[in-house]
Structures are given as C-alpha cells and as structure tokens.
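# Reading the structure
Okay, here's what each chain looks like letter by letter:
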Amino acid sequence: MFENETELDLLPRRLLRERAPALIAEACAWAVGLSDQPHQHRRHGRVVASGETLGARAAAELPLGGEEDRPLALGESRPGSFRDALSALTPDGRVYAERLEEQVLDPFVLETCVLAGEHARREQPGAWAELVDDVGESLDDVAAVVRAAEWAVPLQAEAEQLVLAALGDVPLLEVENEGLPLSLVRAAEAAARGAVPPPEPATGPPDLAGARFLAQAALAGTGLTLPVPPHEADTLLQRLLAEGLEPEEIEGLLPELPVDPVTAARVRAGLARGAGQAG
C-alpha cells in the first residue's frame, strides 16, 4: 500500500482482484485461435513466416518467441506455454502480448475503474464529490472522472501479472481449450450486435451536421462491429480523424454514435492523449 493512498484509491485495485476470474476467462477466450496463427521469426532483420503454426510448435514444445523480442514483463518462459505465445511475433513485427493488452487488458481495466467509480459515487458520495472537484469533471460522468484521476494507470501492470500468474506457464493448447466456451459466447454476442441496425442519429446542433455525415461515412466503411466494442475504440478514433473530424466534433457526436459506454470512454482518452501530445 502506498503511504498516501486513500480508501477511494484502493477501490479499483480491490475490485480488479475480485474480478480476476473474469479477467482470466477473457484472456483464455482471446487465446482461442492463436495456435492457428503462422509462426514468425526474424531472418536478416526481417520478420518472415517459418512455415509452421504456433500450435504445431507448441505441441512439440518448441519456442514460439525469440529472446530479443520478449518484453521484460513476461520474464522467462517455457517453450509452448501461454507466456511463450505472448512473446511470439505477429506478421507486422509486434508481439502478441501487445494485442492482449490492447484487446483484453486495457478494456477490462477501464471497465473495472468505471464500475469502481459507480460504486464510489453510490457508497462514498462525499469522497466521490471531493475527487470530482479535484479533477474538474462532471459529477455524473463516471468514465471522465476515473480517466482524469488516472485510476487505470497503476492497474495495467497488475492486470497483466494476474493473467500471467494464472496462465503464464500453462501450455497454449490448454489455455485455448479452456477459453473455447466463452469464445463461442463472445462470437455469438458480436454477431447479435452486428445484426442490430445502428440507432437513428439524434438531431443535434446545425454545426455538427457535416461532422455527423462524415462520422456515418466512417462507420459505414470500417467494417467495425456495431455497437463498437471497447477493443475497437482506437480503430474507430483513427477512422474518424482520417475522415477529417475535429476532436471537439468527435466529442460532441460520441453520445449519439453506436458505441459501447466503455468504448466512448476509450475514445475520449485517445482524444485527451492526442491533445496532450499536441501541447
């Protein structure tokens, strides 16, 4: 415990630990299909396919990732293990640990922080009001408050360690098998979301009419799932910016776009990061 941590500061961490089984289940579901991916290695500085799949090498207990590419946070890994698979190269030269972070860990941590914020607003109204005053956000915009308070920052590494402690040394094929039932549920949910037509855009201020048209064009041409799930938030933001929308226009349109609440929070976080870098 840090010396100056308050009960409110500890709430998201405590909730993350309580939700650890759900986090681990999501990581298992994410791993389904990983064994079918082509194994990549470096040859003369280039990333090339070896002709094998990750699953074939994992079954033979052969290394999936190279020492030079393994993130320090992963530590040493047993060949063919889930930890080893996370250090394997993707075709674009990244490692699968980065995809796990973007597609599972980041959304889960943000969702946990929002849940913790809703609990704090309900059970500790005085402490919540003080935090809101400190960060200068709206009392009822929980996602904006926890983002401004940077609740997710210290939880990122802890979420990764929870997953690695539970799954790191487990063979990749066993992790996939464990995650198959939830993976099927997630696929069904995505199909159901895609079958629901996006809501009619709400009537907004006249100056957003052009921006609204561009946003609709961006959504129509992206192939994103609707409503847009949290792990596709960065792609959504990139497409909106590529269409020429200004950050303040994206902020104004978010309430009427077909996106999950956590997705909207992630888009706002991306806008905030962009503003900080510009400054």
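Residues numbered from 1 in each chain as written. Predicted model: local features only at pLDDT ≥ 70, side-chain atom pairs only at ≥ 80, totals over all residues. Heavy atoms only, no water.

### A word on the overall build of the protein
The secondary structure content of the protein amounts to 13 helices and 2 strands. Taken against the 2.2 N^0.38 rule, which gives 19 Å for 279 residues, the C-alpha radius of gyration of the protein at 21 Å falls within 12% of a compact globule. Counting only residues that meet the buried cut, the protein has 42% of its 279 residues in that class. In the protein, 61% of the contacts between residues at least 6 apart in sequence involve partners at least 24 apart. With the model as given, the accessible surface of the protein reaches about 14400 Å², and the carbon-plus-sulfur share is 53%. The average position of the 23 basic charges and that of the 47 acidic charges among the side chains of the protein differ by 5 Å. (Helix = DSSP H or I, 4+ residues; strand = E, 2+ residues; numbered from the N terminus. Rg over C-alpha atoms; globule rule 2.2 N^0.38 Å. Buried < 20%, exposed > 50% of the residue type's maximum accessible area, 1.4 Å probe, protein only. Contact = heavy atoms within 4.5 Å. Areas by Shrake-Rupley, 256 points an atom, 1.4 Å probe, with all protein chains shown as cover. Lys, Arg positive; Asp, Glu negative; His and termini not counted. Charge placed at Lys NZ, Arg CZ, Asp CG, Glu CD.)

### Notes on helix α2 (residues 20–31)
Its 12 residues place the ends of α2 17 Å apart at the C-alpha level, agreeing with the 16 Å of an ideal helix rising 1.5 Å per residue. Every buried residue of α2 is listed here: Ala20, Leu23, Ile24, Ala27, Cys28, Ala29, Trp30 and Ala31. Looking at the residues trailing α2, positive phi occurs at Gly33, about 95°. (Expected span 1.5 Å × (residues − 1).)

### Structural notes on the packing of α2 against helix α8 (residues 153–167)
Two measures define how a pair of helices packs: the angle their axes make with one another and the distance between the axes. Where α2 meets α8, the axes come as close as 10 Å, and the angle between the chain directions of the two elements is 70°. The orientation of α2 with respect to α8, classified from their angle, is roughly perpendicular. Seen from α2, the contacting residues are Ala20, Leu23, Ile24, Ala27 and Cys28; seen from α8, they are Ala159, Leu162, Val163, Ala166 and Leu167. Of the residues belonging to the contact of α2 with α8, the class tally is 10 nonpolar, no polar and no charged. (Axes fitted to C-alpha atoms, helices over the stretch in contact; angles between N-to-C directions. Parallel < 35°, antiparallel > 145°, perpendicular 65-115°, else oblique. Nonpolar A, V, L, I, M, F, W, Y, C, P; charged D, E, K, R; others polar.)

### Topic: the environment of Pro107
Looking at where Pro107 falls in the secondary structure, it is placed in helix α5 (residues 96–123). For Pro107 and Thr263, which are 156 residues apart along the polypeptide, the C-alpha to C-alpha distance reads 8.1 Å. Residue contacts for Pro107: discarding those within four places in its chain leaves Glu101, Glu102, Pro230, His231, Val262 and Arg266.

Keep in mind these numbers describe shape, not what the thing actually does.
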